[in-house]
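Chain residues, written in single-letter form:
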Amino acid sequence: MAITVTINNETREIDAPGDMPLLWALRQELGMVGTKFGCGIGMCGACTVHLDGQAVRSCSLPLSAIGDKKVSTVEHLAQSEVGQALQQAWLDEDVMQCGYCQAGQLMSATALLNSNATPSDDEIDAAMQGNICRCACYKRIKTAIAQVSRNEETANV
Amino acid sequence: MSEATTLSRRSLLKVSALAGGGFALSATMPMVARAVSAEAGAPAELTAFVTIAPDNTITIIGKNPEIGQGIKTSLPMIVAEELDADWDQVKIEMAETNMAKYGPQLAGGSFSTPMNWMPMRQTGATARAMLIAAAAQKWGVPVASLGTEPGKVVEKASGRSATYGELASLAATMPVPDPESLTLKDQADFRIIGRAIGGIDSPKIVRGEPIFGVDTQLPGMVYAAYERSPVFGATLKTADVEAAKAQPGVIDAFIVRGNGNPEELVDGVAVIASNWWLANRARSALKPEWDNGEWASHSTAGYAAKAKELMDGGQAAEVFGERGDMAGALASAAKVVTADYSYPFLAHVPMEPMNCTALMRDDGVMEMWAPSQTPQGGLASVAEYLGVPPEKVIVHITRMGGGFGRRLNNDYMVQVAAIAKEMPGTPVQLIWSREDDVKTDFYRPAGWHRLTASVDSEGKMTGLKDHFVTFDLGESPFNPALMAPDTFPAKLMDNLLLEQDMLRTAIPMGALRAPNSNALAFVTQSFLDEVAHETGKDLPTLLMEIVEGAEPEPTTMGFTGPTPGFNPGRLRAVTRKATEMADWGKPVTGGHALGFGYYWSHQGYFAEVVEVSLSDSNKVQVHNVWCAGDVGNQIINPFGALNQVEGAIIDGIGQALQLAVEIEGGAVKQSNFHNYPLPRMPMTPQIHVEWVKSDNSPTGLGEPALPPVIPALTNALFALTGKRVRSLPIDTSLFA
């Protein structure tokens, strides 16, 4: 039985069991492989997507639980101003090493700045601690977020 | 035996095996493939690594696998420099696996930079010389009257010029110059090398484009999960494949027999489905029965108890390094310092779980998309397993979501080949769960050391003894459980006795980032800190005493080319720099303390100072790390270089604070990130890095910054608490 889900502002029909996690539907039913598999138990954040703007772990979100909520993925990130600014900051700071976790990092960072445009150091830590970077690019991730957040601060002055 | 240098045959062989046996130790680099004359209007291949199109697009081949170490960006930078390319016109393409065309292709041992520095310069300079020769012919002028500016050949006197694109097809017909005849650039003239250039694939990554091995998508592709015994060394008795086949979405399930080599293929059951999540879920229906043999009784606790028994028993089975008269040094010592050190098994856990995609084609070719650090070795293993010549296996090298040494072993490649050969014409993507990854890795070996130092009446360290208990890995030619007899400071001891006992095991072991060194730095630098403390000095002072009067060792022909031996001057320089950076020696206040660590590995010299404190609940807090590194006279890409050092430091701190793989019942107890807790953002310290330039060719940075941070941290904790950490990970109840 097909399940209907709104992903990146498009209505998608997915022919998969309702208990299939969104991650595996995105990657292998819809061919959207930007969202990554890291641990399968919501411990690493590589699979982070937005559900009505909130950062959630798609490896632990069954299709049947999505309902009318809107899913947004890294493939759609450039459509938002904050997302685009973060993508650029990631490149400017040369944040990544292997890059595998970075889609999830960017999704968590975007959700953070959308809810708190000028987070403190501790607030960045708190919002990002669910995302593991095995290469440990944490210093640069933090700098890139702070960079965008500072721009925001300046813009508001 | 009077000299310390008696390397075992197995460790001598280790570098060749690291590459999977695919090439000889003295592998030479083909600088150029014979240039092929290009059709008019088509891109012209000037060397194996440089192709130039009429529109001035310069395509440079990224030779070695990219695991996050930045090599797909940095090696082409070297080519582009000597080619005198305009970097904005450069496009980088990943090489196919091809030993004959590209030479050794591997990501391991921090080998890529030292091994390719000169060949990449030569391949760029070769293409440049051919472009100049083409312009000389076209204009009828002597070669000597021409030079280059970024992307074009210029006649010096007249100023007339032609772009590389205009000259490329003619250049491809020019004779390939003798590499010895090439003039390479002066370092002072570098425009691209030394520039901070962002990772070449990063724009694709931030957009979520398919780029990693697990992102491979082929028409009609199916997904495979593989059930194997959690107990190492087990064989499969039975499994209910029919029950698995009856699960939703499952296409097939079948038993796969191991090939007798646990580094390649062990018994298991393949479950194939239209979606990996369905395949993986169906594994629970298999109810496999395993024959665990003797191995199910093995445990970390058992190994540790046996190690203690062996160390307490005195004389070890084997002496692997001896000099002078250690017994005499101990007998006449004014003071003897002794301590036991140990460290656990560790897993690699790169973020992208093991995976590989394979298609058994109608023409009998096994085509593979492999995230492998040693694709040439993987290709050879798959060909051997299938019983076909290497030409019948094609391996596309994908970007990898981390390596750390895990993907030096290509078991997942053989596994998917074993599955795909049963399904000709259907592409199969094998994916491991994180639990599979944690539970069936090639682990950093655990080890136990009983160290003893003799000190004379003037407080001088006169000798070192180490009773090492490690693992017998059988005939495995690359043995990361061995300790080289010239490990620092053994090589500089007047009196030395290194002896070892080996435990039998079926636990698979492999190279984890900075293999050997990641454990031995902790053991040796912590113990030297103890000796320093016992003799009323600090560790940097003791190190300076140890190297006093030592001469630089000669350069030898190593795996990566000419390899400078240990140079005490480089040790001194990084030690001085790091201690200056950290204001070492000045009193530290506010409940903080500093510790020092030094190590030389993978041709890089690193000295690091760590600043720690303890929280009210005795949680270790690392505030600052000062790091001085010497990897030669040139940092190729400061962006990537710094990223490697920062990452290695945090990686090492994470290992020291909270990582261990424990064996119980012959299997790994840990399973995922909840009980194998990698570092997260809040524990990131401030990291200050400075480069010490020395007159040596540049060498690799994937590894050498990691080892010293661990003893620097444990030595800082001693300075803070007076409690000595002699076992990893750090047990904070010590500080209660």
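Residues numbered from 1 in each chain as written. Chains lettered and ligands numbered in written order. Predicted model: local features only at pLDDT ≥ 70, side-chain atom pairs only at ≥ 80, totals over all residues. Heavy atoms only, no water.

**Concerning the interface of chain A and chain B**
Argument step 1. Facing the 51 residues of chain A at the interface are 59 residues of chain B.
Argument step 2. The interface formed by chain A and chain B contains 6 salt bridges.
Argument step 3. Note that R140 of chain A and E646 of chain B form a salt bridge whose closest N and O atoms lie 2.9 Å from each other.
Argument step 4. Where chain A meets chain B, there are 29 residue pairs in polar contact (both at pLDDT 80 or more). (Contact = heavy atoms within 4.5 Å. Salt bridge = Lys/Arg side-chain N within 4 Å of Asp/Glu carboxyl O. Polar contact = N/O pair within 3.5 Å; in protein donor to acceptor, adjacent residues only side chain to side chain.)

**Side note on the side chain of E352 of chain B**
Argument step 1. Turning to its location among the elements, E352 of chain B is positioned in the loop between strand 14 (335-343) and strand 15 (355-360).
Argument step 2. When its relative accessible area of 0% is taken as the criterion, E352 of chain B is described as buried.
Argument step 3. Excluding residues that lie within four positions of it along the chain, E352 of chain B makes contacts with Y100 of chain A together with F212, G213, V214, P371, R399, M400, G401, R407 and R434 of chain B. (Helix = DSSP H or I, 4+ residues; strand = E, 2+ residues; numbered from the N terminus. Buried < 20%, exposed > 50% of the residue type's maximum accessible area, 1.4 Å probe, protein only.)

**As for the pattern of salt bridges**
As a working rule, side chains carrying opposite charge can pair if their charged atoms are close by.
Residues and elements named next belong to chain B.
Argument step 1. Applying the stated criterion to the full structure yields 46 salt bridges over all chains.
Argument step 2. Between D267 and R257 there is a salt bridge, with its nearest N and O atoms 3.1 Å apart. Of this pair, D267 sits in the loop between strand 10 (250-256) and strand 11 (268-273) while R257 sits in the loop between strand 10 and strand 11, and the two are 10 residues apart along the sequence.
Argument step 3. Here D267 falls in the buried class, since its relative accessible area comes to 11%.
Argument step 4. In this structure, the salt-bridge partner of D340 is R450, at a minimum N-O distance of 2.7 Å.

**A closer look at the packing of helix 12 (residues 375-386) of chain B against helix 13 (residues 411-420) of chain B**
All names here are of chain B.
Argument step 1. Two numbers describe how helix 12 lies on helix 13: the axes approach to 9 Å, and their chain directions differ by 35°. Note that helix 12 runs across helix 13; the crossing there is right-handed. Of helix 13, the residues touching helix 12 (which contributes G378, L379, S381, V382, Y385 and L386) are M413, V414, A417 and A418.
Argument step 2. Looking at the contact of helix 12 with helix 13 residue by residue, the classes come out as 8 nonpolar, 2 polar and no charged. (Axes fitted to C-alpha atoms, helices over the stretch in contact; angles between N-to-C directions. Left-handed = near helix turned anticlockwise from the far one by under 90°. Nonpolar A, V, L, I, M, F, W, Y, C, P; charged D, E, K, R; others polar.)

**As for the confidence of the model for chain B**
Caution is warranted with low-pLDDT regions, since their predicted coordinates should not be read in detail.
All names here are of chain B.
Argument step 1. On average, residues of chain B score 93 in pLDDT, and 94% of them are at 70 or above.
Argument step 2. In this model residues 1-29 is a low-confidence stretch, pLDDT under 50, and it forms 67 contacts with partners more than four residues away in sequence or in other chains.
Argument step 3. Two summary scores accompany this predicted model of the complex, namely pTM at 0.95 and ipTM at 0.97. (pLDDT = per-residue confidence, 0-100.)

**Some thoughts on the sheet that holds strand 1 (residues 44-47) of chain B**
Residue and element names in this part refer to chain B.
Argument step 1. Across the sheet, 4 strands lie side by side as 1-2-3-4; this open sheet has mixed pairing. Each edge of the sheet is formed by a strand with only one pairing partner; in this case those strands are strand 1 and strand 4 (90-94). The mean angle between the axes of side-by-side strands here comes to 30°, regardless of whether they run parallel or antiparallel.
Argument step 2. As paired elements, strand 2 (residues 50-52) and strand 3 (residues 58-62) share 3 bridges and run antiparallel to each other. For I52, the partnering residue across the bridge sits in strand 3 and is I58.
Argument step 3. Here helix 3 (residues 71-83) sits on the sheet in contact with strand 2, strand 3 and strand 4, set at roughly 135° to strand 3.
Argument step 4. Contacting strand 1 and strand 2, helix 5 (residues 112-139) runs over the sheet at an angle of about 125° to strand 1. (Pairing = 2+ DSSP bridges.)

**Re the packing of helix 3 (residues 102-115) of chain A against helix 4 (residues 121-128) of chain A**
All names here are of chain A.
Argument step 1. For the pair helix 3 and helix 4, interaxial distance at closest approach is 10 Å and the crossing angle is 130°. By the angle between their axes, helix 3 is oblique relative to helix 4. Note that helix 3 runs across helix 4; the crossing there is right-handed. On helix 4, the residues touching Q105, S108, A109 and L112 of helix 3 are E123, I124, A127 and M128.
Argument step 2. Looking at the contact of helix 3 with helix 4 residue by residue, the class counts come to 5 nonpolar, 2 polar and 1 charged. (Parallel < 35°, antiparallel > 145°, perpendicular 65-115°, else oblique.)

**Examining empty space enclosed by the protein**
Argument step 1. One pass over the structure, following the stated rule, counts 7 cavities of 30 Å³ or more.
Argument step 2. Of the voids in this model, the largest cavity is the one considered here, and its volume is about 80 Å³.
Argument step 3. Together, 15 residues line the largest cavity, and Y343, P480, A481, N516 and A519 of chain B are the ones closest to its centre.
Argument step 4. Those elements that place two or more of their residues in the lining of the largest cavity are strand 20 (461-472) and helix 15 (517-534) of chain B.
Argument step 5. For the lining of the largest cavity, the element with the highest residue contribution is helix 15 of chain B, accounting for 3 residues.
Argument step 6. Approximately 40 Å³ is the volume found for the second largest cavity.
Argument step 7. Lining the second largest cavity, in full, are G34, K36, G99, Y100, Q102 and A103 of chain A together with I205, G208, E209 and F212 of chain B.
Argument step 8. Residues of the lining of the second largest cavity, tallied by class, amount to 4 nonpolar, 4 polar and 2 charged. (1 Å grid on protein atoms, 1.4 Å probe; cavity = no way out; pocket = protein on both sides within 12 Å on 5 of 7 lines; lining within 4 Å. Points joined across faces, edges and corners; volume = space filled by probe spheres on them.)

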